[in-house]
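Here are the chains, one letter per residue:
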Amino acid sequence: MKKVLISLLVVLVILTTVFAFACNTEKKPEGEYTIVSPDGAPAFALASFFEQPNSDATFKVIPSIVSSTLIKAEAIKADFAIVPANMAAILYNQGAEYKMVASVTNGNMFFVSNHENTTFTLNDLKGHVLYSIGQGSVPAFIMLNILTNAGIECEVSETPVEGKVAIQYVADGPALITKVKTATGTVYGNLAEPAVTTFMSKGGYRVADVQELWKESTGSSIKGFAQAVLIAKKSICDEKPEVVDAVINSIKGSETFIVEHAEEVRQDIKSYYEETSLKNPITSEVVQNCNVHIYKASENIDYILATLNAAYAINSQSVGGSVPAKDSGFYY
């Protein structure tokens, strides 16, 4: 019996060793890279990676989509990731070995209202409640900077404040739509596509393009702001720049495709992430309003810095305490 037990233990040790060795030596195949995006508008940027490349391709990019609440944890495990611009700065300031490669989604925010206003100006917001999604995020920072640059005072309040804009933050798009639709008197909202289209289908009104307002506010040559950006491992940027450039070109090459094949791409997103918030059929106009255009970081630093500085101006910790400098080596 003792010999049997010893034999079993020896077999167990051998199997355990083999299993451990297999686990420790398992690695990603050569020429294979991962890219992750949060659900929603940024996921459209992955369209060119949903179909696997031909067998003679020099490398392969494996896409994945996750909840926006998980994107930071997943980003630091991936080779490439689409993250909010301020999160990219936070990762850099925390010592993560990543570079900002490009701006990918450049704002999909609109001011909406429960009353039609075809002559809207920012002054119309005074004395009214402005509901907003994204407290502590880039879209909210941009909204606050637009108002500040226009000399309009804001105050967090559930009720109107004379001469000021009363900001009231809500959890998400559906919550904002409910608040605006059920309000008595004129109220406004800072809402993202595709929820804007949903709101309009329920009798709401779109009164202003926040991206255009930001362009006017900053004097930028580009409409919009760096809402979500592409980051890549520093090692890939340094050692395989041809791969980074190919990823940039793949996303850029699909900008027109995603507009012309909006619903097809939405279905692809759903097949990768069943829980996607993109539940309903998507039109070309909606995807166009999602503003997916890739601008290489090193060639558009001032555009990107305007967004990061806007976040820093509201809360320095929203970018990790400081905005990465032009010459920091952070911008690819």
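Everything below is about the structure shown above.
Residues numbered from 1 in each chain as written. Predicted model: local features only at pLDDT ≥ 70, side-chain atom pairs only at ≥ 80, totals over all residues. Heavy atoms only, no water.

K.L.:
Can you tell me about the overall build of the protein, naming the residues and giving the values?
P.N.:
A tally of regular secondary structure across the protein gives 14 helices and 12 strands. A total of 332 residues make up the protein; the buried ones form 47% of that total. Long-range pairs, those at least 24 residues apart, make up 75% of the contacts in the protein between residues at least 6 apart in sequence. With the model as given, the accessible surface of the protein reaches about 16,100 Å², and the carbon-plus-sulfur share is 53%. (Helix = DSSP H or I, 4+ residues; strand = E, 2+ residues; numbered from the N terminus. Buried < 20%, exposed > 50% of the residue type's maximum accessible area, 1.4 Å probe, protein only. Contact = heavy atoms within 4.5 Å. Areas by Shrake-Rupley, 256 points an atom, 1.4 Å probe, with all protein chains shown as cover.)

K.L.:
Can you break down the packing of helix H5 (residues 138-149) against helix H8 (residues 210-218) residue by residue, with the values?
P.N.:
Contact geometry of H5 with H8 gives a least axis separation of 10 Å together with a crossing angle of 45°. The pairing of H5 with H8 is recorded here as oblique in orientation. Handedness of the crossing formed by H5 with H8: left-handed. Seen from H5, the contacting residues are Ile142, Asn145, Ile146 and Asn149; seen from H8, they are Val210, Leu213, Trp214 and Ser217. Looking at the contact of H5 with H8, its residues break down into 5 nonpolar, 3 polar and no charged. (Axes fitted to C-alpha atoms, helices over the stretch in contact; angles between N-to-C directions. Parallel < 35°, antiparallel > 145°, perpendicular 65-115°, else oblique. Left-handed = near helix turned anticlockwise from the far one by under 90°. Nonpolar A, V, L, I, M, F, W, Y, C, P; charged D, E, K, R; others polar.)

K.L.:
Any details on the sheet that holds strand S3 (residues 80-84)? Residues and values, ideally.
P.N.:
Ordered by their spatial adjacency, 6 strands build an open sheet running S2-S1-S3-S11-S4-S12, and the pairing between neighbours is mixed. Of all strands in the sheet, those bounded by a partner on one side alone are strand S2 (60-66) and strand S12 (292-296). Ignoring strand direction, the axes of neighbouring strands in this sheet form an average angle of 30°. Pairing analysis gives 7 bridges linking strand S1 (residues 32-38) to S2, with the strands arranged parallel. (Pairing = 2+ DSSP bridges.)

K.L.:
Which residues make up the environment of Thr197, and what values do they have?
P.N.:
Along the chain, the position of Thr197 falls in helix H7 (residues 195-201). We classify Thr197 as partly exposed; its relative accessible area is 31%. When the C-alpha positions of Thr197 and Asn289 are compared, they lie 9.8 Å apart, and in sequence the two are 92 residues distant.

K.L.:
Kindly report on H8, identifying the contributing residues and their values.
P.N.:
Of the residues making up H8, those classed as buried are Val210, Gln211, Leu213 and Trp214. Buried residues in H8, looked at end-on, bunch into an arc of 160°, giving them a common side. Structurally, H8 contributes buried residues whose contacts are with strand S5 (109-113), H5, strand S9 (188-192), strand S10 (205-209) and helix H14 (301-314). Positive phi appears at Gly219, one or two residues downstream of H8, with a value of about 70°. (Arc of directions from axis to C-beta.)

K.L.:
Residues and numbers for the layout of surface pockets, please.
P.N.:
Empty space among the atoms can be located by rolling a probe the size of a water molecule over them. What the largest pocket holds in volume is close to 1,400 Å³. Around the largest pocket, the lining comprises 50 residues; the ones closest to its centre are Asp39, Gly40, Ile133, Ala192 and Ser277. Classifying every residue of the lining of the largest pocket by side-chain character gives 26 nonpolar, 20 polar and 4 charged. (1 Å grid on protein atoms, 1.4 Å probe; cavity = no way out; pocket = protein on both sides within 12 Å on 5 of 7 lines; lining within 4 Å. Points joined across faces, edges and corners; volume = space filled by probe spheres on them.)

K.L.:
Break down the packing of aromatic side chains for me, citing the residues and quoting the values.
P.N.:
As enumerated under the stated definition, the model contains 8 aromatic pairs in all. Judged by centre distance (6.5 Å) and plane angle (70°), the rings of Tyr33 and Phe80 are edge-to-face. Of the two residues, Tyr33 sits in strand S1 while Phe80 sits in strand S3, which places them 47 residues apart along the sequence. Residues Tyr33 and Phe80 agree in their burial class; the two are buried. For the ring pair Phe330 and Tyr331, a centre distance of 5.1 Å and an interplane angle of 65° mean the geometry is edge-to-face. (Phe/Tyr/Trp six-rings, centres within 6.5 Å; stacked < 30°, edge-to-face > 60°.)

K.L.:
So what's going on with the side chain of Thr307? Which residues, and what values?
P.N.:
The topology assignment puts Thr307 in helix H14. Apart from the residues lying within four places of it in its own chain, the contact partners of Thr307 are Ala85, Val138, Ile142, Phe225 and Ala226.

K.L.:
Got a sec to walk through the pairing of strand S4 (residues 98-105)? Specific residues and values, please.
P.N.:
Counting buried residues along S4, 8 of its 8 residues qualify, which places the element largely inside the surrounding structure. Judged from the 6 bridges that link them, S4 and strand S11 (residues 228-233) form a sheet pairing that is antiparallel. The residue bridging Thr105 from the neighbouring strand is Ala228, located in S11. Bridging between S4 and S12 involves 3 bridges; their strand directions are antiparallel. Within S12, the residue paired with Ala102 across the bridge is Lys296.

K.L.:
Could you give an account of the packing of H5 against H14, naming the residues involved and the relevant values?
P.N.:
Working note: a packed helix pair is described by the angle between its axes plus the distance between those axes. Where H5 meets H14, the closest approach of the two axes is 9 Å, and the angle between their N-to-C directions is 80°. When the axes of H5 and H14 are compared, the pair comes out roughly perpendicular. For the pair H5 and H14, contact is made by Val138, Phe141, Ile142, Leu144 and Asn145 and by Thr307, Ala310, Ala311, Ala313 and Ile314, respectively. Taken together, the residues of the contact of H5 with H14 break down into 8 nonpolar, 2 polar and no charged.

K.L.:
So what about H5? Which residues, and what values?
P.N.:
Residues spaced three or four apart along an α-helix point in a common direction, a consequence of the helix completing one turn every 3.6 residues. End to end, H5 covers 16 Å across 12 residues, agreeing with the expected 16 Å (1.5 Å per residue, within 8%). Along H5, 10 of the 12 residues are buried, which leaves the element largely enclosed by surrounding structure. For H5, the set of buried residues is Val138, Pro139, Ala140, Phe141, Ile142, Met143, Leu144, Asn145, Ile146 and Leu147. Following H5 by one or two positions, Gly151 adopts a phi angle in the positive range, close to 75°. (Expected span 1.5 Å × (residues − 1).)

Geometry only, nothing functional implied.
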